[in-house]
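# Understanding the architecture of this molecule
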Amino acid sequence: MGIGLKLPADYKKVNKILICGMGGSAIVGDLLLGYLKLESSLPVIVNRDSHLPAFVDRQTLVFLITYSGNTMETLHNYHDALTRKAKLVAVTSGGKMQREAMAKGIPWVKVQADGLPRLVWDYCFFQS
C-alpha cells in the first residue's frame, strides 16, 4: 500500500486484514482483496458496514478507504478500530479522516484524483 509508506514495526504482528469502505471506495477494497488473497497468507475481508466485525483486535490491520475523507460509516469504523487498538492505515483524498490520521500519527495514503469516488476507484487502487 502506498509507495514509500512507512509502517510502524508492530504492524508486522498482524494476523488478519480488514478493508473498510463504502460505495466506490469499497470497490478499491474488492480489488485489493482479489490481489491479497493470492499474495497474503493472512485472511482478508472487505467490510461495507458501519460496524466492525467482532474479531477486530490488536492483531488486525485495518485499511480505512474513504475518498472524501468524510464518509460517516468509515469514520465510525476508524473510531471503533482505534478503541480496539487495531493497526490502521487510512486511504483518503482529505477530509476528517486525513486530519484525524495526521493528528494521531496513523499511516495514511493521500489519494490525488479529481472526480466522484465511483469514477476514480481505479486511481485510488493504484495510488494505494
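Provided above is the structure to which this section pertains.
Residues numbered from 1 in each chain as written. Predicted model: local features only at pLDDT ≥ 70, side-chain atom pairs only at ≥ 80, totals over all residues. Heavy atoms only, no water.

## Some details on the pairing of strand S1 (residues 16-20)
- With five of five residues buried, S1 is to be regarded as a mostly interior element.
- Of the two faces of S1, both are covered, the one formed by Lys16, Leu18 and Cys20 as well as the one formed by Ile17 and Ile19.
- The pairing of S1 with strand S3 (residues 60-66) spans five bridges and is classified as parallel. Looking across to S3, one finds that Cys20 is bridged to Leu64.
- Pairing between S1 and strand S2 (residues 44-47): four bridges, direction parallel. (Buried < 20%, exposed > 50% of the residue type's maximum accessible area, 1.4 Å probe, protein only. Helix = DSSP H or I, 4+ residues; strand = E, 2+ residues; numbered from the N terminus. Pairing = 2+ DSSP bridges.)

## Overview of the environment of Val89
- For Val89, the location among the structural elements is in strand S4 (residues 87-92).
- For the pair Val89 and Ile106, spaced 17 residues apart in the sequence, the C-alpha separation amounts to 6.4 Å.
- Setting aside residues up to four positions removed in sequence, Val89 forms contacts with Leu5, Leu7, Tyr11, Leu61, Val62, Phe63, Leu64, Ile106 and Pro107. (Contact = heavy atoms within 4.5 Å.)

## Notes on the pairing of S3
- Counting buried positions along S3 gives seven out of seven residues, so the element sits mostly inside the fold.
- What you see with S3 is no split at all: Thr60, Val62, Leu64 and Thr66 on one side and Leu61, Phe63 and Ile65 on the other are buried throughout.
- With six bridges joining them, S3 and S4 adopt parallel strand pairing. The residue of S4 that forms the bridge with Phe63 is Val89.
- Viewed along the sheet, the connection from S3 through helix H2 (residues 72-83) into S4 turns out right-handed. (Right-handed = clockwise from strand over helix to strand, strands pointing away.)

Nothing here speaks to function; it is geometry throughout.
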